[in-house]
Amino acid sequence: ISVARTLNSADPAMPDLALGDISARGGGQVSMHRSHQNGRDVDIVFFVTDPSGRPVQATDMVAFDGQGRSASGKLRLDVPRTWKLVEAILSNAHFGKDVVNLFISDPLRALLLSHARKTGSSAAGRAARLMSQPGASPHSNHFHLRIGCSAEDRGKGCR
């Protein structure tokens, strides 16, 4: 919620942040996932535009090619707003320092990091280290955010 508030306060035209799977109530296995078992993994839908560049509210996870286009041609990856999402995640006061991975396809990672460097974002270096494409799943239709255990949580048994 704090990430969505940060984004909306900076850009009132920002579409709502859409989430996918997090975890089962109480933890444990979630179908179609090897992770998402303890509330430290969440799927986040990318921000999108129509072909003219107008923001569109994402309702589903739509896959994008290396140029940021959907297969239907009706949607584009909103690179500036999706990059703002990355910055908001990494700077979040509650969990930003504990982000372990931000899974995304390599071509989309390249688009976002190119934008970050062009805009002089101070988060580009850290994002480059945390953003990666896992082998079995390209993540061309969403981010998979993994938050590690904070020092305080490790003291309480978090693994």
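That block above? That's the structure.
What you see is a predicted model, and the numbers here were worked out from it, not measured in a lab. (Residues numbered from 1 in each chain as written. Predicted model: local features only at pLDDT ≥ 70, side-chain atom pairs only at ≥ 80, totals over all residues. Heavy atoms only, no water.)

**Re the sheet that holds strand β7 (residues 143-147)**
Using the following cut-off: Paired strands, in this sense, are two strands between which DSSP finds at least two bridges. Helix and strand definitions here come from DSSP, where helices need a minimum of 4 consecutive H or I residues and strands a minimum of 2 consecutive E residues; each element is numbered from the N-terminal end.
One open sheet accounts for four strands, arranged β1-β7-β5-β6; its pairing is mixed. On the outer flanks of this sheet lie β1 (41-44) and β6 (131-132), each paired with one strand and no other. The sheet contact formed by strand β5 (residues 99-103) and β7 spans four bridges and is antiparallel. Bridging from a neighbouring strand, Val-99 pairs with Ile-147 of β7.

**Comments concerning the nonpolar core**
Inclusion rule: The nonpolar core is taken to be a set of buried Ala, Val, Leu, Ile, Met, Phe, Trp, Tyr and Cys residues, with the residues joined through side-chain atoms within 4.5 Å. Only protein chains enter the accessibility calculation, which uses a 1.4 Å probe; a residue whose area is less than 20% of its type maximum is buried, one above 50% is exposed, and one in between is partly exposed.
Ranked by internal contacts, the top residues of the largest apolar core, which has 38 residues, are Trp-83, Ile-89, Met-131, Phe-143 and Leu-145. Of all the secondary structure elements, the ones that give two or more residues to this core are α1 (2-10), β1, α2 (79-90), β5, α3 (106-119), α4 (124-130) and β7.

**What to know about the packing of α1 against α2**
To keep things clear, this is the line we draw: Angles here are taken between N-to-C directions and fall from 0 to 180 degrees, while the axes themselves are lines fitted to C-alpha atoms, restricted in helices to the stretch in contact. Roughly parallel means an angle under 35 degrees; roughly antiparallel means over 145; roughly perpendicular covers 65 to 115; every other angle is labelled oblique. Handedness of each helix crossing follows the sense of rotation of the near helix against the far helix: counterclockwise by less than a right angle gives left-handed, clockwise gives right-handed. In this analysis, two residues are considered to be in contact whenever any of their non-hydrogen atoms come within 4.5 Å of each other. Just so you know the grouping, Ala, Val, Leu, Ile, Met, Phe, Trp, Tyr, Cys and Pro go in nonpolar, Asp, Glu, Lys and Arg go in charged, and all remaining residues, Gly too, go in polar.
Contact geometry for α1 and α2: axes closest at 9 Å, N-to-C directions at 130°. With respect to α2, the element α1 is oriented oblique. Where α1 crosses over α2, the two elements pack in a sense that is right-handed. Where α1 approaches α2, its residues Val-3, Thr-6 and Leu-7 are matched on the opposing element by Lys-84, Leu-85, Ala-88 and Ile-89. Each residue belonging to the contact of α1 with α2 can be placed in one class, and the counts come to five nonpolar, one polar and one charged.

**Regarding the environment of Asp-98**
Among the structural elements, Asp-98 can be located in the loop between α2 and β5. Filtering out sequence-adjacent residues up to four positions away, Asp-98 remains in contact with Arg-126, Arg-146, Ile-147, Gly-148, Cys-149 and Ser-150.

**Brief notes about the side chain of Asn-92**
The residue Asn-92 is located in the loop between α2 and β5 in this model. Sequence-distant contacts of Asn-92, that is, excluding residues within four places in its chain, are made with Ser-2, Val-3 and Lys-97.

**Observations regarding the packing of aromatic side chains**
Operational definition: Stacked, edge-to-face and tilted are the three classes for Phe, Tyr and Trp ring pairs, Trp counted by its six-membered ring, which pair at centre distances within 6.5 Å; planes under 30 degrees apart are stacked, over 60 edge-to-face, the rest tilted.
Throughout the structure, instances matching the rule amount to two aromatic pairs. With a centroid separation of 5.0 Å and 80° between ring planes, the pair formed by Phe-46 and Phe-143 is classed as edge-to-face. Here Phe-46 is found in the loop between β1 and β2 (48-49), whereas its partner Phe-143 is found in strand β7, with 97 residues between them in sequence. With relative accessibility at 0%, the residue Phe-143 sits in the buried group. Here a set of aromatic residues connected by ring pairs shows up, and it is made of Phe-46, Phe-64 and Phe-143.

**Observations regarding the side chain of His-142**
Which entries qualify depends on this criterion: Definition of a polar contact: a pair of N or O atoms within 3.5 Å, with one able to donate and the other able to accept a hydrogen when the atoms are protein atoms, and with sequence-neighbouring residues admitted only if both atoms are side-chain atoms.
Mapped onto the elements of the fold, His-142 is located in the loop between β6 and β7. A relative accessible area of 9% means that His-142 is categorised as buried. In terms of polar contacts, His-142 uses its side chain to reach the side chain of Asp-43, at 3.3 Å. Here the side chain of His-142 touches Asn-141 through a polar contact of 2.6 Å, side chain to side chain.

Interpretation note: all reported values are geometric properties and have no functional meaning in isolation.
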